[in-house]
Amino acid sequence: NAHFHQEKLALASRNIALALDIAQDSKMPKRLTEILSLKALIEAAQNNIKAAVRTHRRYNELINIEKNNQLEGQVIQYQRHQKSDSLEKEITQLKQHKGLQKLKMESVQQQRNFAYLAMLFILLASFLLYRRNVEAKLKEKLALKVAQRTSELELLTQDLKQANRVKNQFMANMSHEIRTP
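In this text, all values refer to a predicted model and were calculated from it rather than measured experimentally.

Parameters at a glance
- Residues numbered from 1 in each chain as written.
- Predicted model: local features only at pLDDT ≥ 70, side-chain atom pairs only at ≥ 80, totals over all residues.
- Heavy atoms only, no water.
- Axes fitted to C-alpha atoms, helices over the stretch in contact; angles between N-to-C directions.
- Helix = DSSP H or I, 4+ residues; strand = E, 2+ residues; numbered from the N terminus.
- Parallel < 35°, antiparallel > 145°, perpendicular 65-115°, else oblique.
- Left-handed = near helix turned anticlockwise from the far one by under 90°.
- Contact = heavy atoms within 4.5 Å.
- Nonpolar A, V, L, I, M, F, W, Y, C, P; charged D, E, K, R; others polar.
- Core = buried A, V, L, I, M, F, W, Y, C linked by side-chain atoms within 4.5 Å.
- Buried < 20%, exposed > 50% of the residue type's maximum accessible area, 1.4 Å probe, protein only.
- Expected span 1.5 Å × (residues − 1).

Visitor: Can you walk me through the packing of helix H2 (residues 9–26) against helix H3 (residues 29–45) in this structure?
Guide: Each pair of packed helices gets described by two things: the angle between the helix axes and the distance between those axes. Contact geometry for H2 and H3: axes closest at 10 Å, N-to-C directions at 155°. Considering their axes alone, H2 and H3 lie roughly antiparallel with respect to each other. Like other packed secondary-structure pairs, H2 and H3 cross with a definite hand, here left-handed. Residues Leu9, Ala12, Ser13, Ile16, Ala19, Leu20, Ala23 and Gln24 of H2 touch H3, and the partners they reach there are Leu32, Ile35, Leu36, Leu38, Lys39, Ile42 and Ala45. By residue class, the composition of the contact of H2 with H3 is 12 nonpolar, 2 polar and 1 charged.

This is the structure in C-alpha coordinates:
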(Lines give C-alpha, C1' and ligand atoms only; values in the text may rest on other atoms or scores of the structure.)
Protein backbone atom coordinates (compact mmCIF):
# COMPACT_ATOMS: atom_id res chain seq x y z
CA ASN A 1 0.00 0.00 0.00
CA ALA A 2 2.82 2.40 0.89
CA HIS A 3 4.71 1.47 -2.31
CA PHE A 4 1.59 2.22 -4.34
CA HIS A 5 1.39 5.69 -2.84
CA GLN A 6 5.08 6.22 -3.58
CA GLU A 7 4.37 5.10 -7.14
CA LYS A 8 6.70 2.12 -6.93
CA LEU A 9 4.24 0.01 -8.83
CA ALA A 10 6.49 -2.99 -9.62
CA LEU A 11 7.46 -3.39 -5.96
CA ALA A 12 3.86 -2.86 -4.90
CA SER A 13 2.77 -5.50 -7.46
CA ARG A 14 5.24 -8.07 -6.03
CA ASN A 15 4.24 -7.33 -2.45
CA ILE A 16 0.56 -7.60 -3.39
CA ALA A 17 1.21 -10.98 -5.06
CA LEU A 18 2.92 -12.21 -1.87
CA ALA A 19 0.14 -10.83 0.32
CA LEU A 20 -2.41 -12.46 -2.00
CA ASP A 21 -0.72 -15.86 -1.63
CA ILE A 22 -0.58 -15.50 2.16
CA ALA A 23 -4.24 -14.43 2.35
CA GLN A 24 -5.31 -17.38 0.16
CA ASP A 25 -3.28 -19.84 2.25
CA SER A 26 -4.55 -18.49 5.54
CA LYS A 27 -8.14 -18.41 4.23
CA MET A 28 -8.92 -14.87 5.28
CA PRO A 29 -11.67 -13.79 2.85
CA LYS A 30 -11.99 -10.22 4.11
CA ARG A 31 -8.22 -9.61 3.84
CA LEU A 32 -8.23 -11.31 0.41
CA THR A 33 -10.87 -8.89 -0.92
CA GLU A 34 -8.88 -5.89 0.38
CA ILE A 35 -5.73 -7.18 -1.34
CA LEU A 36 -7.63 -7.84 -4.60
CA SER A 37 -8.97 -4.28 -4.60
CA LEU A 38 -5.40 -2.94 -4.18
CA LYS A 39 -4.13 -5.31 -6.88
CA ALA A 40 -6.82 -4.03 -9.28
CA LEU A 41 -5.73 -0.44 -8.54
CA ILE A 42 -2.06 -1.29 -9.09
CA GLU A 43 -2.84 -3.08 -12.36
CA ALA A 44 -4.94 -0.14 -13.49
CA ALA A 45 -2.09 2.22 -12.56
CA GLN A 46 0.27 0.06 -14.64
CA ASN A 47 -2.16 0.42 -17.58
CA ASN A 48 -2.89 -3.32 -17.48
CA ILE A 49 -6.62 -2.76 -17.87
CA LYS A 50 -7.55 -6.35 -18.78
CA ALA A 51 -5.81 -7.73 -15.69
CA ALA A 52 -7.33 -4.94 -13.57
CA VAL A 53 -10.81 -5.83 -14.87
CA ARG A 54 -10.21 -9.55 -14.21
CA THR A 55 -8.97 -8.83 -10.71
CA HIS A 56 -11.86 -6.50 -10.12
CA ARG A 57 -14.29 -9.23 -11.29
CA ARG A 58 -12.61 -11.67 -8.94
CA TYR A 59 -12.92 -9.05 -6.19
CA ASN A 60 -16.67 -8.65 -7.00
CA GLU A 61 -17.10 -12.44 -7.01
CA LEU A 62 -15.53 -12.69 -3.56
CA ILE A 63 -17.67 -9.79 -2.30
CA ASN A 64 -20.76 -11.50 -3.75
CA ILE A 65 -19.75 -14.82 -2.17
CA GLU A 66 -19.24 -13.07 1.15
CA LYS A 67 -22.61 -11.32 0.84
CA ASN A 68 -24.23 -14.63 -0.15
CA ASN A 69 -22.64 -16.30 2.87
CA GLN A 70 -23.93 -13.50 5.09
CA LEU A 71 -27.40 -13.80 3.56
CA GLU A 72 -27.29 -17.56 3.93
CA GLY A 73 -26.30 -17.13 7.57
CA GLN A 74 -29.15 -14.69 8.05
CA VAL A 75 -31.56 -17.08 6.34
CA ILE A 76 -30.37 -19.93 8.56
CA GLN A 77 -30.68 -17.70 11.61
CA TYR A 78 -34.17 -16.66 10.48
CA GLN A 79 -35.13 -20.31 9.93
CA ARG A 80 -33.80 -21.19 13.38
CA HIS A 81 -35.77 -18.31 14.82
CA GLN A 82 -38.89 -19.50 12.99
CA LYS A 83 -38.31 -23.05 14.22
CA SER A 84 -37.77 -21.69 17.71
CA ASP A 85 -41.02 -19.74 17.50
CA SER A 86 -42.92 -22.75 16.19
CA LEU A 87 -41.39 -24.94 18.90
CA GLU A 88 -42.36 -22.38 21.53
CA LYS A 89 -45.91 -22.37 20.13
CA GLU A 90 -45.97 -26.17 20.21
CA ILE A 91 -44.67 -26.15 23.77
CA THR A 92 -47.35 -23.63 24.73
CA GLN A 93 -50.00 -25.75 23.03
CA LEU A 94 -48.70 -28.87 24.77
CA LYS A 95 -48.78 -27.08 28.12
CA GLN A 96 -52.33 -25.90 27.43
CA HIS A 97 -53.29 -29.43 26.35
CA LYS A 98 -51.68 -30.84 29.49
CA GLY A 99 -53.54 -28.28 31.60
CA LEU A 100 -56.78 -29.17 29.85
CA GLN A 101 -56.18 -32.86 30.45
CA LYS A 102 -55.44 -32.12 34.10
CA LEU A 103 -58.71 -30.17 34.36
CA LYS A 104 -60.58 -33.02 32.68
CA MET A 105 -59.00 -35.51 35.09
CA GLU A 106 -59.95 -33.31 38.03
CA SER A 107 -63.49 -33.04 36.64
CA VAL A 108 -63.71 -36.81 36.25
CA GLN A 109 -62.34 -37.27 39.78
CA GLN A 110 -64.88 -34.78 41.15
CA GLN A 111 -67.68 -36.56 39.31
CA ARG A 112 -66.43 -39.89 40.68
CA ASN A 113 -66.25 -38.44 44.20
CA PHE A 114 -69.75 -37.00 43.80
CA ALA A 115 -71.01 -40.41 42.62
CA TYR A 116 -69.36 -42.10 45.63
CA LEU A 117 -70.89 -39.51 47.94
CA ALA A 118 -74.32 -39.95 46.31
CA MET A 119 -74.04 -43.75 46.64
CA LEU A 120 -73.03 -43.38 50.28
CA PHE A 121 -75.98 -41.05 50.90
CA ILE A 122 -78.36 -43.48 49.19
CA LEU A 123 -77.00 -46.40 51.24
CA LEU A 124 -77.30 -44.39 54.45
CA ALA A 125 -80.84 -43.29 53.58
CA SER A 126 -81.76 -46.88 52.70
CA PHE A 127 -80.30 -48.13 55.97
CA LEU A 128 -82.18 -45.50 57.96
CA LEU A 129 -85.47 -46.32 56.16
CA TYR A 130 -84.90 -50.03 56.74
CA ARG A 131 -84.16 -49.38 60.42
CA ARG A 132 -87.28 -47.20 60.74
CA ASN A 133 -89.38 -49.97 59.18
CA VAL A 134 -87.84 -52.58 61.48
CA GLU A 135 -88.45 -50.33 64.50
CA ALA A 136 -92.05 -49.72 63.39
CA LYS A 137 -92.64 -53.48 63.06
CA LEU A 138 -91.04 -54.12 66.45
CA LYS A 139 -93.16 -51.37 68.03
CA GLU A 140 -96.23 -52.90 66.44
CA LYS A 141 -95.32 -56.35 67.80
CA LEU A 142 -94.58 -54.83 71.20
CA ALA A 143 -97.88 -52.95 71.14
CA LEU A 144 -99.67 -56.22 70.30
CA LYS A 145 -97.88 -58.03 73.13
CA VAL A 146 -98.66 -55.17 75.52
CA ALA A 147 -102.31 -55.26 74.45
CA GLN A 148 -102.39 -59.05 74.79
CA ARG A 149 -100.73 -58.92 78.22
CA THR A 150 -103.04 -56.12 79.25
CA SER A 151 -106.09 -58.15 78.27
CA GLU A 152 -104.65 -61.21 80.04
CA LEU A 153 -104.00 -59.11 83.13
CA GLU A 154 -107.52 -57.67 82.96
CA LEU A 155 -108.92 -61.19 82.80
CA LEU A 156 -106.70 -62.26 85.63
CA THR A 157 -107.74 -59.15 87.59
CA GLN A 158 -111.41 -59.99 86.97
CA ASP A 159 -110.79 -63.59 88.05
CA LEU A 160 -108.97 -62.37 91.16
CA LYS A 161 -111.78 -59.92 91.90
CA GLN A 162 -114.29 -62.71 91.40
CA ALA A 163 -112.21 -65.00 93.64
CA ASN A 164 -111.90 -62.21 96.20
CA ARG A 165 -115.68 -61.70 96.11
CA VAL A 166 -116.21 -65.44 96.49
CA LYS A 167 -113.72 -65.50 99.38
CA ASN A 168 -115.36 -62.50 100.98
CA GLN A 169 -118.76 -64.13 100.51
CA PHE A 170 -117.40 -67.36 101.95
CA MET A 171 -115.84 -65.53 104.86
CA ALA A 172 -119.00 -63.58 105.45
CA ASN A 173 -121.03 -66.79 105.33
CA MET A 174 -118.62 -68.56 107.61
CA SER A 175 -118.50 -65.64 109.98
CA HIS A 176 -122.32 -65.56 110.01
CA GLU A 177 -122.53 -69.31 110.55
CA ILE A 178 -120.04 -69.10 113.40
CA ARG A 179 -121.94 -66.29 115.05
CA THR A 180 -125.35 -67.73 114.57
CA PRO A 181 -125.59 -71.34 115.56
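Now that the structure is up, let's keep going.
Visitor: Sorry, what's going on with the packing of H3 against helix H4 (residues 49–179) here?
Guide: At a minimum axis distance of 8 Å, the contact between H3 and H4 shows a crossing angle of 160°. The angle between H3 and H4 places the two elements in the roughly antiparallel class. Judged by the twist between their axes, the crossing of H3 over H4 is left-handed. Residues Lys30, Leu32, Thr33, Leu36, Ser37, Lys39, Ala40, Glu43 and Ala44 of H3 lie in contact with H4, whose contacting residues are Ile49, Ala51, Ala52, Thr55, His56, Arg58, Tyr59, Leu62, Ile63 and Glu66. Residue composition of the contact of H3 with H4, by class: 10 nonpolar, 4 polar and 5 charged.

Visitor: Teacher, can you tell me more about the nonpolar core here?
Guide: Nonpolar side chains in soluble globular proteins tend to end up buried together. Of all hydrophobic cores here, the largest spans 8 residues; its members are Ala12, Ile16, Leu20, Ala23, Leu32, Ile35, Leu36 and Ile42. Contributions of two or more residues to this core are made by H2 and H3. Not counting the four nearest positions on each side in its chain, Leu20 is found in contact with Leu32, Ile35, Leu36, Lys39 and Arg58.

Visitor: Got a minute to help me understand the side chain of Glu43 in this structure?
Guide: Inspection of the secondary structure puts Glu43 in helix H3. The exposure class of Glu43 is buried, given its relative accessible area of 9%. The residues contacting Glu43, other than those within four sequence positions of it, are Asn48, Ala51, Ala52 and Thr55.

Visitor: How should H3 be read in this particular structure?
Guide: Two residues of an α-helix separated by three or four positions point the same way, owing to the 3.6 residues in each turn. Look at H3: 24 Å from first C-alpha to last across 17 residues, which is about the 24 Å you get at 1.5 Å a residue. Of all the residues in H3, the buried ones are Leu32, Thr33, Ile35, Leu36, Ala40, Ile42 and Glu43.

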